[in-house]
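Take a look at the letters that make up each chain.
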Amino acid sequence: MDEEKQANKDSMLLPASVLVASIIFSATLFLVAGDISNGLSGLSTAVSGIEVTNAPNSGSGGTAVAAPQPSPSPSPQPSGGSAEIKALLDGAAGKQGSDEAEIVIIEYSDYQCPFCRSWYSESKSQLDKEYIETGKVQFIYKDFPLSFHPMAQTYAEAARCAGDQEKYWEMHDKIFDEQNKFGQGTISNITQENIKSWATELGMNAATFNSCLDSGKYAQAIQSNFAEGQQVGVSGTPSFIIGKRNGSGQLIVGAQPYSVFKSAIEANLN
């Protein structure tokens, strides 16, 4: 009789054990699924925050945070923001075109930014021929060196030092052209010694140029450009402000096609 009772008890315990095990297993699956879901959600969020910085002609070098600290903008579009042109005429790294030109374009740029370089290579010469050389537009270049481009500040200082010997635009072009020799994207294998050799190639007094570059003579002026850019809404490179000399300007962000600039200029001329 005792053996029979024990057998009946064992037969009742087995289903109960299976039931408890099933409940534990289901709860475990639920928790694991929740963790996986949360993990995938977090991964999705992280991936959505990654922005492509080497897409040609559509991007921007970064988003500015205090003296240089920007992050890229993959699909920049003309902005509705505006700034008074007159307030931005001083402190230029370089100028091209007539001081009497009705339209002014101010570029905030980073010499190591691949988007700035692509805009220079594909649009700047058209702008020169159609509007700057004809006296319709004055072009002003201002520095906006990004902290994650270690040569950007040095390039900016080099161009201004070249300007002391009336060679600003020659050095401006040289900086971009030399990087183009290495292809697309951010070029990081050019050194300060390479830049110094360019000064000689461009016919400058090498000792004077080297002394200027080594001294950091223009470091503060460059950071003043950066701070000004932030104040007027610049958050990536290249950024442009286009408008009438006596009016406000439209902010255009990124290496937009030349047609975008032509349309903005014509709208102001008309």
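Note that the coordinates shown come from a computational prediction; the quantities given were computed from them, not determined experimentally.

S.K.: Give me the state of the cysteines: which residues, what numbers.
M.R.: Under the counting rule described, the total for this entry stands at one disulfide. Here Cys161 pairs with Cys212 through a disulfide, and the sulfurs are 2.1 Å apart. Here the S-S torsion is close to -80°, and the disulfide linking Cys161 with Cys212 is therefore left-handed. Here Cys212 lies in helix H6 (residues 206-215) and Cys161 lies in helix H3 (residues 152-163), a separation of 51 residues in the sequence. Like Cys212, Cys161 is buried. Here Cys113 is not disulfide-linked; the sulfur of Cys116 is the nearest cysteine sulfur, at 3.2 Å.

S.K.: Summarise helix H7 (residues 219-231); cite the residues concerned and give the values.
M.R.: Working note: α-helix, 3.6 residues per turn, so residues spaced by three or four point in the same direction. Spanning 13 residues, H7 covers 19 Å between terminal C-alpha atoms, matching the ideal 18 Å at 1.5 Å per step. Within H7, the full set of buried residues consists of Ile222, Asn225, Phe226, Glu228 and Gly229. One side of H7 carries all its buried residues, which in axial view fall inside an arc of 165°. Opposite the buried face of H7, at more than 90 degrees from it, the exposed residues are Gln220 and Gln231. Count one or two residues on from H7 and you reach Gly233, which has phi positive near 100°.

S.K.: Requested: an account of the packing of helix H4 (residues 168-180) against helix H5 (residues 192-201), with residues and values cited.
M.R.: Here H4 crosses H5 at 130°, and the two axes come no closer than 11 Å. As the angle between them shows, H4 and H5 are arranged oblique. Along this stretch, H4 crosses H5, giving a crossing that reads as right-handed. Contact residues: Met171, Lys174, Ile175 and Glu178 in H4; Ile195, Trp198, Ala199 and Glu201 in H5. Classifying every residue of the contact of H4 with H5 by side-chain character gives five nonpolar, no polar and three charged.

S.K.: So what about the pattern of salt bridges? Which residues, and what values?
M.R.: According to the stated counting rule, one finds 11 salt bridges in the structure shown. Between Glu228 and Lys142 there is a salt bridge, with the nearest N and O atoms lying 2.8 Å from each other. Of this pair, Glu228 sits in helix H7 while Lys142 sits in strand E4 (residues 137-143); the two residues are 86 residues apart in sequence, bridging distant segments of the chain. Summarising the burial analysis for this pair, Glu228 and Lys142 share the class buried. Among the salt bridges present, the one from Lys181 reaches Glu178, with a minimum N-O distance of 3.0 Å. Assessed through its relative accessible area of 12%, Glu178 is described here as buried.

S.K.: Please provide a residue-by-residue account of unusual backbone geometry, values included.
M.R.: For the bond from Thr237 to Pro238, the omega torsion is -5°, close enough to zero to count as cis. Here Pro238 is to be found in the loop between H7 and strand E5 (239-244). At Glu166, a position not held by glycine, the phi torsion is positive, near 60°. Mapped onto the secondary structure, Glu166 falls in the loop between H3 and H4.

S.K.: Run through the pairing of strand E6 (residues 248-253), naming residues and quoting values.
M.R.: Each regular strand displays side chains that alternate between the two surfaces of the sheet. Of the strand pairs in this sheet, E5 and E6 are connected by five bridges, and their pairing is antiparallel. Among the inter-strand pairings, Ile242 is bridged to a residue of E6, identified as Gln250.

What counts as what
- Going along each chain's sequence as written, the residues are numbered from 1 onward.
- Per-residue local features are limited, in this predicted model, to residues with pLDDT of at least 70; the limit for side-chain atom pairs, both in listing and counting, is 80 or more; totals at the level of whole chains, interfaces and linings are taken over all residues.
- The side-chain numbers reported here are obtained from all heavy atoms of the structure, hydrogens and water having been left aside.
- Disulfide: a pair of cysteine sulfur atoms within 2.5 Å of each other.
- Numbering goes from the N terminus for both helices and strands, where a helix is a DSSP run of H or I of at least four residues and a strand is a run of E of at least two.
- Each residue gets one of three labels from its accessible area relative to the maximum for its type: buried under 20%, exposed over 50%, partly exposed in between, using a 1.4 Å probe on protein chains only.
- To estimate the expected span of a helix, count its residues, drop one, and scale the result by 1.5 Å.
- The arc in question is the one traced by the directions running from the helix axis out to the C-beta atoms.
- Structural elements are reduced to axes, namely lines fitted to C-alpha atoms, with helices fitted over the stretch in contact, and the angle between N-to-C directions of any two is expressed from 0 to 180 degrees.
- Should an angle fall under 35 degrees it is called roughly parallel, over 145 degrees roughly antiparallel, and 65 to 115 degrees roughly perpendicular, with every other angle called oblique.
- A crossing counts as left-handed when the near helix is turned anticlockwise from the far one by less than a right angle, and as right-handed when that turn is clockwise.
- We call two residues contacting when some pair of their heavy atoms lies within 4.5 Å.
- Classification convention: Asp, Glu, Lys, Arg as charged; Ala, Val, Leu, Ile, Met, Phe, Trp, Tyr, Cys, Pro as nonpolar; all other residues, Gly among them, as polar.
- Here a salt bridge means any side-chain nitrogen of Lys or Arg lying within 4 Å of a carboxyl oxygen belonging to Asp or Glu.
- Paired strands are those between which DSSP finds at least two bridges.

Functional significance is not addressed by these values, which are geometric in nature.
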